[in-house]
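Chain by chain, the residues run as shown.
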Amino acid sequence: MSDIFEVIKNRRSVRAYKDEQIEDEQIEQILEAAIMAPTARGEAPWHFTVVQNKETLADINDSVLHILSNSGDEFLEAIAESGVNVMHNAPTVVFVSAKSDATNMQADCSAAIENMLLAAEGLDIGSCWLGLVAIYFSVEENLKKLHIPEGYTPLYGVALGKKVEPNEPNPRKDVFVNWVK
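**Q** Please provide a residue-by-residue account of the overall build of the protein chain, values included.
**A** Helices and strands together make up the secondary structure of the protein chain, namely 6 helices and 4 strands. Each helix and strand of the protein chain, ordered N terminal to C terminal, gives the series α-α-β-α-α-β-α-β-α-β. Relative to the compact-globule value of 16 Å for 181 residues, the protein chain shows a C-alpha radius of gyration of 17 Å, a close match. For the protein chain, the proportion of contacts with a sequence separation of at least 24, taken over those separated by at least 6, is 81%.

This is the structure:
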C-alpha cells in the first residue's frame, strides 16, 4: 500500500488501458474503499454494478453515442460524431447508483467514487470518473439490462484497468486559499 499523500499526488484520469482484465480481488478492494466513504445521515445509499463483458461494454458505448448524437446539444453531438469510446476501452466499468430517495445521492456517490479512484491508484490501477455514461440509463430498458435495482438511480461510471503508460506529473501548482484566523 502506498502513502496516501503520494497516491493523491499521483492519481490522474487514465484514458488508455491494456487489453487485460484486473483481478477480482483488486475490484473487491476498490469497492471496499468505496463503501468506507462518508454519506449524508449515514445512509450508505449505493449500489455498484461491475461490468467486464466486452460485448456489453461495446453495446453501452454504442448506445451512449447514439443518444448523444440525437441530443440537440452541439457539444454532445460532436463527441458522438468523433466516435470516441466514452469508457476509454476500459476492461472493467463500475456503474454507481444510489437509492432514489437518498438525502444527498450526488455527494454520497461522489465521495464513494473518489475513494475508488484513490484505491485504484494505490493498487497501481488506472481509473477514470465517467459522467457521460449516465445518459445510457435515460432509456428504461437499459436499467433492466444491467439489473439496476428498482428504486435506484444510476449516476456515474468508473473505468478501471491496467495503465498503458505511467501517470504524467500533475501540472497544478497554484493553490487558492483564504486563511481567516
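**Q** Describe the packing of aromatic side chains, with residues and values.
**A** Counted under the stated rule, the structure contains 4 aromatic pairs. Geometrically, the ring pair formed by F95 and F137 is edge-to-face, given 5.5 Å between the ring centres and 80 degrees between the ring planes. Placement of F95 in strand β2 (residues 92-99) and of F137 in the loop between β3 (126-130) and α6 (140-145) is noted, with a sequence separation of 42 residues between them. With a relative accessible area of 0%, F95 lands in the buried category. By the ring-pair criterion, three or more aromatic residues cluster together here, those being F95, Y136 and F137.

**Q** How would you summarise the sheet that holds β2 if you had to cite specific residues and measurements?
**A** Strand order across the open sheet formed by 4 strands is β1-β2-β4-β3, with antiparallel pairing between neighbours. Each edge of the sheet is formed by a strand with only one pairing partner; in this case those strands are β1 (46-51) and β3. If you compare each strand with its neighbour and ignore which way they point, the axes differ by 25 degrees on average. In the sheet, β1 pairs with β2 via 6 bridges, with the strands oriented antiparallel. By the bridge assignment for β2, W46 is matched with A98. On the sheet, helix α5 (residues 105-122) packs against β1, β2, β3 and β4 (152-161) and is oriented at approximately 10 degrees with respect to β4.

**Q** Talk me through α5; I want residue IDs and the actual numbers.
**A** The terminal C-alpha atoms of α5, which comprises 18 residues, lie 26 Å apart, in line with the 26 Å expected from a rise of 1.5 Å per residue. Here α5 lies mainly inside the structure; 13 of its 18 residues are buried. Just downstream of α5, D124 is the residue with a positive phi angle, here 60 degrees.

**Q** Got a sec to walk through the packing of helix α2 (residues 24-34) against α5? Specific residues and values, please.
**A** Two elements in contact, α2 and α5, have axes whose closest approach is 7 Å; the angle formed by their N-to-C orientations is 140 degrees. Accordingly, the angle class assigned to the pair α2 and α5 is oblique. Taken as a pair, α2 and α5 cross one another with a handedness that is right-handed. Contacts from I30, L31, A33 and A34 in α2 reach A112, N115, M116, A119 and A120 in α5. Among the residues making up the contact of α2 with α5, the classes are represented as 8 nonpolar, 1 polar and no charged.

**Q** Give me a negative patch on the surface: which residues, what numbers.
**A** A cluster of like negative charges, contributed by E23, D24, E25 and E28, occupies part of the molecular surface. By the element assignment, E23 lies in the loop between α1 (4-10) and α2.

**Q** Just give me the short version of the side chain of E121, but keep the residues and values in it.
**A** You can see E121 is positioned in helix α5. Residue E121 is classed as buried on the basis of its relative accessible area of 10%. E121 has contacts with V7, N10, R11, K163 and N167, leaving out every residue within four places of it along the chain.

**Q** Lay out the pattern of salt bridges in plain terms, naming residues and giving numbers.
**A** Within the structure shown, the criterion is met by 6 salt bridges. The residue D19 makes a salt bridge to K54 at a minimum N-O spacing of 3.2 Å. Remark: K54 occurs in helix α3 (residues 54-69) and D19 occurs in the loop between α1 and α2; sequence separation between them is 35 residues. A relative accessible area of 66% places D19 in the exposed class. Shared partners join several salt bridges into a network, and the residues in it are D59, E141 and K145.

Basis of the calculations
- Residue positions are given per chain, counted from 1 along the sequence in the order it is written.
- A pLDDT threshold of at least 70 governs which residues receive local features in this predicted model, and a stricter bar of 80 or more applies before side-chain atom pairs are shown or counted, although totals over entire chains, interfaces and linings include all residues.
- As a rule here, side-chain values cover all heavy atoms of the structure and leave hydrogens and water aside.
- Numbering of helices and strands runs from the N terminus; a helix is a DSSP stretch of H or I covering at least four residues, while a strand is a stretch of E covering at least two.
- All radius of gyration figures rest on C-alpha atoms, and the globule criterion is 2.2 Å times the number of residues raised to 0.38.
- Residues count as neighbours in contact if any of their non-hydrogen atoms are within 4.5 Å of one another.
- Think of it this way: a Phe, Tyr or Trp ring, Trp meaning its six-membered ring, pairs with another when their centres are within 6.5 Å, and the plane angle makes it stacked under 30 degrees, edge-to-face over 60, tilted otherwise.
- Exposed residues in this analysis have more than 50% of their type's maximum accessible area, buried residues have under 20%, and partly exposed residues fall in between, with area computed by a 1.4 Å probe over protein chains only.
- Any two strands between which DSSP finds at least two bridges are classified as paired.
- Interaxial angles span 0 to 180 degrees and are taken between N-to-C directions of axes, which are lines fitted to C-alpha atoms, for helices over the stretch in contact.
- Helices are assigned an expected span. That span is 1.5 Å times one less than the residue count.
- Angles below 35 degrees are treated as roughly parallel, those above 145 as roughly antiparallel, those between 65 and 115 as roughly perpendicular, and all remaining angles as oblique.
- A crossing counts as left-handed when the near helix is turned anticlockwise from the far one by less than a right angle, and as right-handed when that turn is clockwise.
- Amino acids are sorted into nonpolar (Ala, Val, Leu, Ile, Met, Phe, Trp, Tyr, Cys and Pro), charged (Asp, Glu, Lys and Arg) and polar (every other residue, Gly among them).
- Patch rule: a residue counts if its relative accessible area is over 30% and it has no salt bridge; like charges are joined within 9 Å, and nonpolar side chains (Val, Leu, Ile, Met, Phe, Trp, Tyr) within 5 Å.
- What sets the accessible areas is the Shrake-Rupley method with a 1.4 Å probe; for residues, cover comes only from the shown protein chains.
- We define a salt bridge as a side-chain nitrogen of Lys or Arg found within 4 Å of a carboxyl oxygen belonging to Asp or Glu.
- Neither His nor the chain termini are counted; the positive set is Lys and Arg, and the negative set is Asp and Glu.
- Charge positions come from single atoms, namely NZ of Lys, CZ of Arg, CG of Asp or CD of Glu.

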